[in-house]
Amino acid sequence: VAVRPGPRYQIAQVEFPGSARVPAADLRGQLHTRDGRVNAAGGVYRADLLSADQPFLLALYYDRGMIDARVGVPVVTVRGRRLVVSIPVHEGPVYRLGKLDVTGAPAAERARLLGPLAPGQRFVRTRVAEAQERRSSRPTPRTLGRTPPPPRMPRRAPGSSVPASSNDYSER
């Protein structure tokens, strides 16, 4: 069977209709273009790879306080042998931090746990995640100075090497 390749189509531009507060260049910077060969001006279009970039686009919006942002399905327009890829976005409002509190922490430690977070500040996903990480790695009064208990060993049925229940863990 003889196979003849068809014409090659290249992307003329990638645009983000609906984006008013985040520059298109910043959004394009979140796309994994494989050195400009895929899903970039001059490259080829790969819907599967562009779909995988959606979380990165959303993360950029979340880091700018737009936690209601939505990224739509790309629309590809053919113009001769050139493609225009439009990725519609809805930015939504910019959120700010309200009241901040750390429960269960001594007053002296609260400021350290909150780090740079302050009421009225724009919500920034990475800063909030860092504060949560600081909080989760902090010893609690119940665990302070204690050695964690050893892991439970699975019970075995008498005379068997198989665990007594399917909820037990074992080496098989």
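Above this text is the structure in question.
Described in the following lines is the structure provided in the data block. Just so it is clear, the structure is predicted and the values come from calculations on it, not from any experiment.

Conventions adopted
- Residues numbered from 1 in each chain as written.
- Predicted model: local features only at pLDDT ≥ 70, side-chain atom pairs only at ≥ 80, totals over all residues.
- Heavy atoms only, no water.
- Patch = residues over 30% accessible without salt bridge, like charges linked within 9 Å, V, L, I, M, F, W, Y side chains within 5 Å.
- Areas by Shrake-Rupley, 256 points an atom, 1.4 Å probe, with all protein chains shown as cover.
- Salt bridge = Lys/Arg side-chain N within 4 Å of Asp/Glu carboxyl O.
- Helix = DSSP H or I, 4+ residues; strand = E, 2+ residues; numbered from the N terminus.
- Core = buried A, V, L, I, M, F, W, Y, C linked by side-chain atoms within 4.5 Å.
- Buried < 20%, exposed > 50% of the residue type's maximum accessible area, 1.4 Å probe, protein only.
- Contact = heavy atoms within 4.5 Å.
- Lys, Arg positive; Asp, Glu negative; His and termini not counted.
- Polar contact = N/O pair within 3.5 Å; in protein donor to acceptor, adjacent residues only side chain to side chain.
- Pairing = 2+ DSSP bridges.
- Axes fitted to C-alpha atoms, helices over the stretch in contact; angles between N-to-C directions.
- Parallel < 35°, antiparallel > 145°, perpendicular 65-115°, else oblique.

This part takes up a nonpolar patch on the surface. On the surface, Tyr9, Val76 and Val78 cluster together into a nonpolar patch covering about 230 Å² of accessible area. Residue placement: Val78 occurs in strand S3 (residues 75-79).

This part takes up the nonpolar core. As a rule of thumb, soluble globular proteins bury nonpolar side chains together. Core analysis: the biggest nonpolar cluster contains 18 residues, and Val14, Phe16, Leu27, Leu57, Tyr61 and Ile87 have the highest contact counts within it. Those elements giving two or more residues to this core turn out to be strand S1 (10-15), helix H3 (54-62) and strand S4 (82-86). Here this core takes four residues from H3, the largest share from any one element. Aside from chain neighbours lying at most four places away, what touches Ile87 is Val14, Glu15, Phe16, Pro17, Leu50, Leu57, Val71, Gly72 and Pro74. With five residues, the next largest nonpolar core counts Leu117, Phe123, Val128 and Ala131 among its residues.

Glancing now at the side chain of Glu91. Here Glu91 shows up in the loop between strand S5 (89-90) and helix H4 (107-114). Buried charged residue Glu91 carries no salt bridge. Nearest counter-charge: Arg21, at 4.2 Å. Of the polar contacts made by the side chain of Glu91, one reaches the side chain of Ser19; its length is 3.2 Å. At 3.0 Å, the side chain of Glu91 forms a polar contact with the backbone nitrogen of Arg21. When sequence neighbours within four positions are dropped, the list of residues in contact with Glu91 reads Gly18, Ser19, Ala20, Arg21, Val22, Tyr61, Met66, Asp68 and Ala69.

Next up on the list: the pairing of S3. Two strands pair when backbone bridges link them, and S3 and S4 are joined in this way by five bridges, in the antiparallel orientation. Along S4, the bridge assignment pairs Arg79 with Arg82. Linkage of S3 to S4, two consecutive antiparallel strands, is achieved through a turn of two residues, within which Gly80 is found at a positive phi near 70°.

Moving on, we come to the packing of H4 against helix H5 (residues 125-136). For the pair H4 and H5, interaxial distance at closest approach is 8 Å and the crossing angle is 140°. In terms of orientation, H4 lies oblique with respect to H5. On H5, the residues that touch Arg112, Leu113 and Leu114 of H4 are Ala131, Arg134 and Arg135.

This part is about the pairing of S4. Burial runs high along S4: four of the five residues are buried. Bridge count for S1 against S4 is five bridges, and the pairing is parallel. Bridge pairing links Glu15 to Ser86 in S4.

Next up on the list: the pattern of salt bridges. Overall, the coordinates contain four salt bridges when judged by the stated rule. A salt bridge links Asp63 to Arg125; the nearest nitrogen and oxygen atoms lie 3.3 Å apart. Of this pair, Asp63 sits in the loop between H3 and strand S2 (70-71) while Arg125 sits in helix H5, placing them 62 residues apart in sequence. Arg112 is the partner of Glu109 in a salt bridge, and the nearest nitrogen-oxygen pair spans 3.0 Å. You can see Glu109 and its partner Arg112 sitting in helix H4, three residues apart, about one turn around the helix.

In this section: unusual backbone geometry. Within the chain, Arg34 stands out as a residue other than glycine whose phi angle is a positive 55°. As for its position among the elements, Arg34 is in the loop between helix H1 (24-28) and helix H2 (47-52). For Asp35, which is not glycine, the phi dihedral falls at a positive 60°. With respect to the helices and strands, Asp35 occurs in the loop between H1 and H2. Overall, Asp35 belongs to the exposed group, its relative accessible area being 77%.

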